Amino acid sequence: MGKRPTIQMVAERAGVSRGTVDRVLNNRSYVKAEVRTRILAAMQELGYVSPRDAHQKALNESRFSPIRLGVVLPNWQDDHFRGEVLRGVQAARTELADFHVEVMLSECQTDIPGEVIELLDQLIADGVQGIAICAVADIAIENKIDLLAEQGIPVITLNSDLPDSKRLCFVGQDYRKSGRIAAELMSKCISPHAKILAAVGNLEFNGHRTRLDGFCARMHELGFDNGQIEIVETFNDYHTTYRKVLDVINRHPDLSAVYMANQSVAACTEAIRASNHTRRIRVICHDISESTKRLLRSGDVDLAISQDMYRQGYLPLILLRELLQKGKAPAVEQTSTNISIFCAENL
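Conventions we followed
- Residues numbered from 1 in each chain as written.
- Predicted model: local features only at pLDDT ≥ 70, side-chain atom pairs only at ≥ 80, totals over all residues.
- Heavy atoms only, no water.
- Helix = DSSP H or I, 4+ residues; strand = E, 2+ residues; numbered from the N terminus.
- Buried < 20%, exposed > 50% of the residue type's maximum accessible area, 1.4 Å probe, protein only.
- Polar contact = N/O pair within 3.5 Å; in protein donor to acceptor, adjacent residues only side chain to side chain.
- Contact = heavy atoms within 4.5 Å.
- Pairing = 2+ DSSP bridges.
- Axes fitted to C-alpha atoms, helices over the stretch in contact; angles between N-to-C directions.
- Expected span 1.5 Å × (residues − 1).
- Arc of directions from axis to C-beta.
- Salt bridge = Lys/Arg side-chain N within 4 Å of Asp/Glu carboxyl O.

Caption draft 1: Fine view of unusual backbone geometry. Despite not being glycine, His100 has its phi angle at roughly 60 degrees, a positive value. Tracing the backbone shows His100 in the loop between α5 (79–96) and β2 (101–107). For His100, a relative accessible area of 31% corresponds to the partly exposed category. Despite not being glycine, Asn159 shows a phi value in the positive range, around 70 degrees. Note that Asn159 resides in the loop between β4 (155–158) and β5 (169–173). Take Asn159: its relative accessible area is 6%, and that puts it in the buried class.

Caption draft 2: Main features of the side chain of Ser256. Within the secondary structure, Ser256 is located in strand β8 (residues 255–261). In this structure the side chain of Ser256 is engaged in a polar contact, spanning 3.3 Å, whose partner is the side chain of Arg279. Residues within four places of Ser256 in sequence aside, it is in contact with Ile190, Ala194, Lys195, Arg279, Arg280, Ile281 and Arg282.

Caption draft 3: Molecular detail of the sheet that holds β5. Reading across from one edge, β2-β1-β3-β4-β5-β11 is the order of the 6 strands in this open sheet, with parallel pairing throughout. Two strands in the sheet have a free side with no partner beyond their single neighbour: β2 and β11 (333–336). Geometrically, the sheet is characterised by an average inter-axis angle of 15 degrees between neighbouring strands, direction not taken into account. Summarising the sheet, strand β3 (residues 130–133) and β4 pair through 3 bridges and their orientation is parallel. Across the sheet, the residue bridging to Ala132 is Ile156, located in β4.

Caption draft 4: Layout of helix α3 (residues 33–46). Helix length check: α3 (14 residues) gives 20 Å between terminal C-alpha atoms against 20 Å at 1.5 Å per residue, within 8%. Within the sequence span of α3, burial applies to Val35, Ile39, Ala42 and Met43. In an axial view of α3, the angular spread of the buried residues amounts to 100 degrees, which keeps them on one side of the axis. Exposed residues on α3 whose side chains face more than 90 degrees from its buried face are Ala33, Thr37, Gln44 and Glu45.

Caption draft 5: Representation of the pattern of salt bridges. On inspection of all chains with the given rule, the structure shows 21 salt bridges. With a closest N to O distance of 2.9 Å, Glu221 and Arg218 form a salt bridge. In this pair, Glu221 and Arg218 are both assigned in helix α9 (residues 206–221), 3 residues apart and thus about one turn of the helix distant. Residue classification places Glu221 among the partly exposed residues on the basis of a relative accessible area of 47%. According to the relative accessible area criterion, Arg218 is buried, its value standing at 19%.

The following block contains the structure:
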(Lines give C-alpha, C1' and ligand atoms only; values in the text may rest on other atoms or scores of the structure.)
Protein backbone atom coordinates (compact mmCIF):
# COMPACT_ATOMS: atom_id res chain seq x y z
CA MET A 1 0.00 0.00 0.00
CA GLY A 2 1.20 3.54 -0.72
CA LYS A 3 1.84 6.05 2.03
CA ARG A 4 -1.25 7.94 3.18
CA PRO A 5 -1.11 11.55 1.85
CA THR A 6 -0.15 14.17 4.45
CA ILE A 7 -0.34 17.96 4.71
CA GLN A 8 3.40 18.09 4.09
CA MET A 9 3.01 16.14 0.85
CA VAL A 10 0.25 18.53 -0.27
CA ALA A 11 2.42 21.53 0.59
CA GLU A 12 5.34 20.16 -1.41
CA ARG A 13 3.13 19.33 -4.39
CA ALA A 14 1.61 22.84 -4.38
CA GLY A 15 4.89 24.61 -3.64
CA VAL A 16 3.65 26.31 -0.46
CA SER A 17 4.15 26.03 3.29
CA ARG A 18 2.21 23.70 5.61
CA GLY A 19 0.70 26.77 7.24
CA THR A 20 -0.78 27.91 3.93
CA VAL A 21 -2.32 24.47 3.39
CA ASP A 22 -3.75 24.63 6.91
CA ARG A 23 -5.34 28.02 6.19
CA VAL A 24 -7.06 26.58 3.10
CA LEU A 25 -8.27 23.49 5.00
CA ASN A 26 -9.82 25.71 7.67
CA ASN A 27 -11.23 28.15 5.10
CA ARG A 28 -9.29 31.09 6.49
CA SER A 29 -8.59 34.27 4.54
CA TYR A 30 -5.26 35.71 3.40
CA VAL A 31 -4.74 33.06 0.71
CA LYS A 32 -4.62 34.21 -2.90
CA ALA A 33 -7.20 32.60 -5.19
CA GLU A 34 -4.49 31.19 -7.46
CA VAL A 35 -2.67 29.61 -4.48
CA ARG A 36 -5.92 28.20 -3.08
CA THR A 37 -6.72 26.63 -6.46
CA ARG A 38 -3.23 25.10 -6.63
CA ILE A 39 -3.56 23.60 -3.14
CA LEU A 40 -7.00 22.14 -3.85
CA ALA A 41 -5.66 20.61 -7.07
CA ALA A 42 -2.75 19.06 -5.18
CA MET A 43 -5.14 17.61 -2.59
CA GLN A 44 -7.25 16.05 -5.32
CA GLU A 45 -4.24 14.65 -7.18
CA LEU A 46 -2.84 13.06 -4.00
CA GLY A 47 -6.21 11.89 -2.70
CA TYR A 48 -5.68 13.82 0.53
CA VAL A 49 -8.53 13.76 3.07
CA SER A 50 -8.31 16.03 6.11
CA PRO A 51 -8.61 14.40 9.56
CA ARG A 52 -11.85 16.31 10.13
CA ASP A 53 -13.40 15.08 6.86
CA ALA A 54 -12.17 11.54 7.52
CA HIS A 55 -13.75 11.65 10.98
CA GLN A 56 -17.05 12.94 9.63
CA LYS A 57 -17.13 10.27 6.94
CA ALA A 58 -16.41 7.54 9.48
CA LEU A 59 -19.14 8.95 11.71
CA ASN A 60 -21.61 8.91 8.82
CA GLU A 61 -20.66 5.36 7.88
CA SER A 62 -21.01 4.03 11.41
CA ARG A 63 -24.29 5.80 12.06
CA PHE A 64 -26.49 4.72 9.17
CA SER A 65 -27.37 1.29 7.83
CA PRO A 66 -26.96 0.80 4.04
CA ILE A 67 -30.11 1.25 1.97
CA ARG A 68 -30.99 0.93 -1.70
CA LEU A 69 -33.41 3.29 -3.47
CA GLY A 70 -35.06 2.96 -6.88
CA VAL A 71 -36.13 5.52 -9.47
CA VAL A 72 -38.65 4.82 -12.25
CA LEU A 73 -39.00 7.37 -15.05
CA PRO A 74 -41.34 7.38 -18.07
CA ASN A 75 -40.44 7.21 -21.74
CA TRP A 76 -39.55 10.89 -21.99
CA GLN A 77 -38.70 12.09 -25.49
CA ASP A 78 -37.62 15.59 -24.50
CA ASP A 79 -33.85 15.55 -23.87
CA HIS A 80 -33.90 18.73 -21.78
CA PHE A 81 -36.75 17.48 -19.61
CA ARG A 82 -35.11 14.11 -19.05
CA GLY A 83 -31.64 15.58 -18.66
CA GLU A 84 -32.62 17.95 -15.87
CA VAL A 85 -34.36 15.21 -13.87
CA LEU A 86 -31.38 12.87 -14.32
CA ARG A 87 -29.04 15.66 -13.22
CA GLY A 88 -31.03 15.91 -10.00
CA VAL A 89 -30.98 12.14 -9.53
CA GLN A 90 -27.20 12.05 -10.03
CA ALA A 91 -26.66 14.91 -7.58
CA ALA A 92 -28.66 13.05 -4.92
CA ARG A 93 -26.82 9.81 -5.71
CA THR A 94 -23.45 11.52 -5.22
CA GLU A 95 -24.54 13.31 -2.05
CA LEU A 96 -25.99 10.17 -0.46
CA ALA A 97 -23.09 7.86 -1.30
CA ASP A 98 -21.34 8.75 1.99
CA PHE A 99 -24.44 7.59 3.86
CA HIS A 100 -24.37 4.13 2.24
CA VAL A 101 -27.29 4.90 -0.07
CA GLU A 102 -27.30 3.17 -3.45
CA VAL A 103 -29.59 4.52 -6.18
CA MET A 104 -30.88 2.28 -8.98
CA LEU A 105 -32.40 3.95 -12.07
CA SER A 106 -34.98 2.39 -14.41
CA GLU A 107 -36.42 4.15 -17.47
CA CYS A 108 -39.43 2.99 -19.49
CA GLN A 109 -38.95 2.32 -23.19
CA THR A 110 -42.68 2.48 -23.96
CA ASP A 111 -45.81 4.19 -22.64
CA ILE A 112 -47.41 0.87 -21.64
CA PRO A 113 -48.41 0.81 -17.94
CA GLY A 114 -47.45 -2.86 -17.71
CA GLU A 115 -43.81 -1.93 -18.28
CA VAL A 116 -43.92 0.27 -15.16
CA ILE A 117 -45.16 -2.72 -13.13
CA GLU A 118 -42.34 -4.86 -14.49
CA LEU A 119 -39.72 -2.25 -13.58
CA LEU A 120 -41.15 -1.94 -10.08
CA ASP A 121 -41.07 -5.72 -9.65
CA GLN A 122 -37.45 -5.80 -10.80
CA LEU A 123 -36.45 -3.08 -8.36
CA ILE A 124 -38.12 -4.95 -5.51
CA ALA A 125 -36.31 -8.12 -6.56
CA ASP A 126 -33.07 -6.10 -6.46
CA GLY A 127 -33.76 -5.17 -2.86
CA VAL A 128 -34.78 -1.51 -2.98
CA GLN A 129 -36.39 -0.15 0.19
CA GLY A 130 -37.91 3.01 -1.27
CA ILE A 131 -38.93 4.20 -4.75
CA ALA A 132 -39.31 7.54 -6.56
CA ILE A 133 -41.57 7.30 -9.61
CA CYS A 134 -43.12 9.31 -12.43
CA ALA A 135 -45.87 7.39 -14.25
CA VAL A 136 -49.25 7.72 -15.94
CA ALA A 137 -52.39 7.55 -13.83
CA ASP A 138 -53.29 3.89 -14.27
CA ILE A 139 -55.26 1.73 -11.82
CA ALA A 140 -52.75 -1.13 -12.04
CA ILE A 141 -49.85 1.19 -11.18
CA GLU A 142 -51.82 2.75 -8.33
CA ASN A 143 -52.70 -0.71 -6.96
CA LYS A 144 -49.03 -1.70 -7.15
CA ILE A 145 -48.01 1.37 -5.17
CA ASP A 146 -50.70 0.56 -2.59
CA LEU A 147 -49.29 -2.96 -2.26
CA LEU A 148 -45.76 -1.65 -1.83
CA ALA A 149 -46.94 0.77 0.86
CA GLU A 150 -48.59 -2.13 2.72
CA GLN A 151 -45.27 -4.01 2.49
CA GLY A 152 -43.46 -1.07 4.11
CA ILE A 153 -41.81 0.20 0.90
CA PRO A 154 -42.47 3.96 0.62
CA VAL A 155 -43.11 5.47 -2.82
CA ILE A 156 -42.78 9.14 -3.69
CA THR A 157 -44.24 10.44 -6.95
CA LEU A 158 -42.35 13.09 -8.91
CA ASN A 159 -43.30 15.46 -11.74
CA SER A 160 -46.76 13.89 -12.20
CA ASP A 161 -48.74 12.76 -9.17
CA LEU A 162 -50.80 9.62 -8.47
CA PRO A 163 -53.03 11.14 -5.77
CA ASP A 164 -55.42 8.16 -5.64
CA SER A 165 -52.60 5.84 -4.57
CA LYS A 166 -50.97 5.39 -1.17
CA ARG A 167 -47.85 7.20 -2.28
CA LEU A 168 -45.95 8.89 0.55
CA CYS A 169 -45.93 12.37 -1.01
CA PHE A 170 -45.59 14.22 -4.32
CA VAL A 171 -42.61 16.31 -5.48
CA GLY A 172 -43.39 18.61 -8.38
CA GLN A 173 -44.86 21.87 -9.51
CA ASP A 174 -48.23 23.22 -8.44
CA TYR A 175 -49.62 22.44 -11.89
CA ARG A 176 -53.06 23.91 -11.31
CA LYS A 177 -51.43 27.19 -10.35
CA SER A 178 -49.10 27.13 -13.38
CA GLY A 179 -52.09 26.50 -15.67
CA ARG A 180 -53.97 29.40 -14.09
CA ILE A 181 -50.95 31.65 -14.57
CA ALA A 182 -50.86 30.68 -18.26
CA ALA A 183 -54.53 31.64 -18.56
CA GLU A 184 -53.95 34.96 -16.83
CA LEU A 185 -51.13 35.76 -19.26
CA MET A 186 -53.16 34.60 -22.25
CA SER A 187 -56.09 36.83 -21.33
CA LYS A 188 -53.81 39.88 -21.48
CA CYS A 189 -52.74 39.07 -25.06
CA ILE A 190 -56.06 38.43 -26.82
CA SER A 191 -59.55 39.87 -27.14
CA PRO A 192 -62.40 38.60 -24.90
CA HIS A 193 -64.01 36.90 -27.94
CA ALA A 194 -60.88 35.19 -29.30
CA LYS A 195 -60.63 31.54 -30.34
CA ILE A 196 -57.99 29.57 -28.38
CA LEU A 197 -56.33 26.19 -28.90
CA ALA A 198 -55.10 24.27 -25.85
CA ALA A 199 -52.72 21.47 -26.88
CA VAL A 200 -52.06 19.07 -23.99
CA GLY A 201 -49.44 16.30 -23.98
CA ASN A 202 -50.99 13.23 -22.39
CA LEU A 203 -54.15 13.42 -20.28
CA GLU A 204 -53.19 10.16 -18.56
CA PHE A 205 -50.46 12.10 -16.73
CA ASN A 206 -51.96 13.85 -13.72
CA GLY A 207 -49.62 16.82 -14.19
CA HIS A 208 -50.77 17.45 -17.76
CA ARG A 209 -54.43 17.08 -16.87
CA THR A 210 -54.21 19.29 -13.77
CA ARG A 211 -52.36 22.00 -15.67
CA LEU A 212 -55.07 22.04 -18.37
CA ASP A 213 -57.83 22.09 -15.73
CA GLY A 214 -56.22 25.12 -14.09
CA PHE A 215 -55.95 26.90 -17.44
CA CYS A 216 -59.56 26.27 -18.42
CA ALA A 217 -60.91 27.14 -14.97
CA ARG A 218 -59.16 30.52 -14.95
CA MET A 219 -60.18 31.29 -18.55
CA HIS A 220 -63.80 30.63 -17.62
CA GLU A 221 -63.47 32.91 -14.57
CA LEU A 222 -62.17 35.61 -16.91
CA GLY A 223 -65.26 35.34 -19.12
CA PHE A 224 -64.13 32.94 -21.87
CA ASP A 225 -66.68 30.21 -22.58
CA ASN A 226 -66.17 26.55 -23.53
CA GLY A 227 -66.87 27.26 -27.20
CA GLN A 228 -63.83 29.54 -27.41
CA ILE A 229 -61.35 26.89 -26.24
CA GLU A 230 -60.61 23.83 -28.37
CA ILE A 231 -58.58 21.08 -26.69
CA VAL A 232 -56.38 18.53 -28.50
CA GLU A 233 -54.20 15.77 -27.04
CA THR A 234 -50.89 15.26 -28.87
CA PHE A 235 -48.95 12.80 -26.62
CA ASN A 236 -45.86 15.04 -26.82
CA ASP A 237 -45.25 13.71 -30.33
CA TYR A 238 -43.85 16.18 -32.87
CA HIS A 239 -45.77 14.92 -35.92
CA THR A 240 -49.05 14.53 -34.04
CA THR A 241 -48.72 18.03 -32.61
CA TYR A 242 -47.88 19.53 -36.01
CA ARG A 243 -50.83 17.81 -37.70
CA LYS A 244 -53.40 18.67 -35.03
CA VAL A 245 -52.34 22.29 -34.62
CA LEU A 246 -52.37 22.82 -38.39
CA ASP A 247 -55.82 21.21 -38.63
CA VAL A 248 -57.26 23.55 -36.00
CA ILE A 249 -55.76 26.61 -37.71
CA ASN A 250 -57.22 25.55 -41.07
CA ARG A 251 -60.66 25.00 -39.51
CA HIS A 252 -60.54 28.23 -37.51
CA PRO A 253 -58.92 31.06 -39.51
CA ASP A 254 -59.79 33.37 -36.61
CA LEU A 255 -57.60 31.44 -34.15
CA SER A 256 -55.81 33.97 -31.92
CA ALA A 257 -53.70 31.93 -29.52
CA VAL A 258 -52.27 28.52 -28.68
CA TYR A 259 -51.66 27.28 -25.15
CA MET A 260 -48.99 24.58 -25.39
CA ALA A 261 -49.33 22.34 -22.34
CA ASN A 262 -46.97 19.78 -23.88
CA GLN A 263 -43.33 19.44 -24.92
CA SER A 264 -43.61 19.66 -28.74
CA VAL A 265 -43.55 23.45 -28.89
CA ALA A 266 -41.43 23.56 -32.06
CA ALA A 267 -44.05 21.47 -33.89
CA CYS A 268 -46.69 24.03 -32.94
CA THR A 269 -44.67 26.99 -34.24
CA GLU A 270 -43.82 25.12 -37.46
CA ALA A 271 -47.53 24.42 -38.01
CA ILE A 272 -48.31 28.11 -37.54
CA ARG A 273 -45.67 29.03 -40.13
CA ALA A 274 -46.94 26.39 -42.58
CA SER A 275 -50.50 27.70 -42.31
CA ASN A 276 -49.50 31.12 -43.72
CA HIS A 277 -51.86 32.60 -41.17
CA THR A 278 -52.17 36.33 -41.81
CA ARG A 279 -52.94 37.24 -38.19
CA ARG A 280 -50.51 36.96 -35.28
CA ILE A 281 -51.12 33.80 -33.23
CA ARG A 282 -49.93 34.15 -29.65
CA VAL A 283 -48.15 31.14 -28.15
CA ILE A 284 -47.67 30.46 -24.43
CA CYS A 285 -45.90 27.29 -23.30
CA HIS A 286 -44.21 25.57 -20.36
CA ASP A 287 -40.59 24.67 -19.57
CA ILE A 288 -37.38 26.31 -20.73
CA SER A 289 -35.49 23.97 -23.06
CA GLU A 290 -32.86 25.21 -25.51
CA SER A 291 -35.44 24.89 -28.28
CA THR A 292 -37.93 27.02 -26.35
CA LYS A 293 -35.25 29.65 -25.72
CA ARG A 294 -34.63 29.92 -29.47
CA LEU A 295 -38.35 30.25 -30.14
CA LEU A 296 -38.68 32.97 -27.50
CA ARG A 297 -35.79 34.89 -29.02
CA SER A 298 -37.23 34.56 -32.54
CA GLY A 299 -40.66 35.71 -31.39
CA ASP A 300 -42.41 32.45 -32.34
CA VAL A 301 -43.24 31.92 -28.66
CA ASP A 302 -44.44 34.87 -26.59
CA LEU A 303 -44.09 33.58 -23.03
CA ALA A 304 -42.89 30.42 -21.26
CA ILE A 305 -43.54 29.23 -17.72
CA SER A 306 -40.76 27.25 -16.08
CA GLN A 307 -40.60 24.47 -13.49
CA ASP A 308 -37.67 23.08 -11.50
CA MET A 309 -37.02 19.66 -13.04
CA TYR A 310 -33.68 19.30 -11.24
CA ARG A 311 -35.46 19.52 -7.87
CA GLN A 312 -37.95 16.87 -8.96
CA GLY A 313 -35.12 14.41 -9.59
CA TYR A 314 -33.14 15.34 -6.49
CA LEU A 315 -35.62 15.83 -3.65
CA PRO A 316 -37.51 12.47 -3.64
CA LEU A 317 -34.28 10.56 -2.99
CA ILE A 318 -33.30 12.92 -0.17
CA LEU A 319 -36.75 12.52 1.40
CA LEU A 320 -36.63 8.72 1.13
CA ARG A 321 -33.21 8.65 2.78
CA GLU A 322 -34.45 10.92 5.59
CA LEU A 323 -37.35 8.54 6.22
CA LEU A 324 -35.50 5.24 5.98
CA GLN A 325 -32.30 6.14 7.81
CA LYS A 326 -33.44 8.87 10.18
CA GLY A 327 -37.14 8.13 10.63
CA LYS A 328 -38.09 11.64 9.48
CA ALA A 329 -41.29 11.57 7.41
CA PRO A 330 -41.82 14.24 4.71
CA ALA A 331 -44.75 16.59 4.51
CA VAL A 332 -47.70 15.19 2.57
CA GLU A 333 -47.07 17.56 -0.33
CA GLN A 334 -43.81 18.99 -1.68
CA THR A 335 -45.25 21.07 -4.51
CA SER A 336 -43.09 23.99 -5.58
CA THR A 337 -44.79 27.36 -6.02
CA ASN A 338 -41.61 28.92 -7.40
CA ILE A 339 -43.02 29.53 -10.88
CA SER A 340 -41.06 31.83 -13.22
CA ILE A 341 -42.27 33.52 -16.40
CA PHE A 342 -39.84 34.04 -19.28
CA CYS A 343 -39.92 36.20 -22.39
CA ALA A 344 -37.21 37.04 -24.93
CA GLU A 345 -35.77 39.77 -22.67
CA ASN A 346 -35.15 37.83 -19.43
CA LEU A 347 -33.69 34.52 -20.63
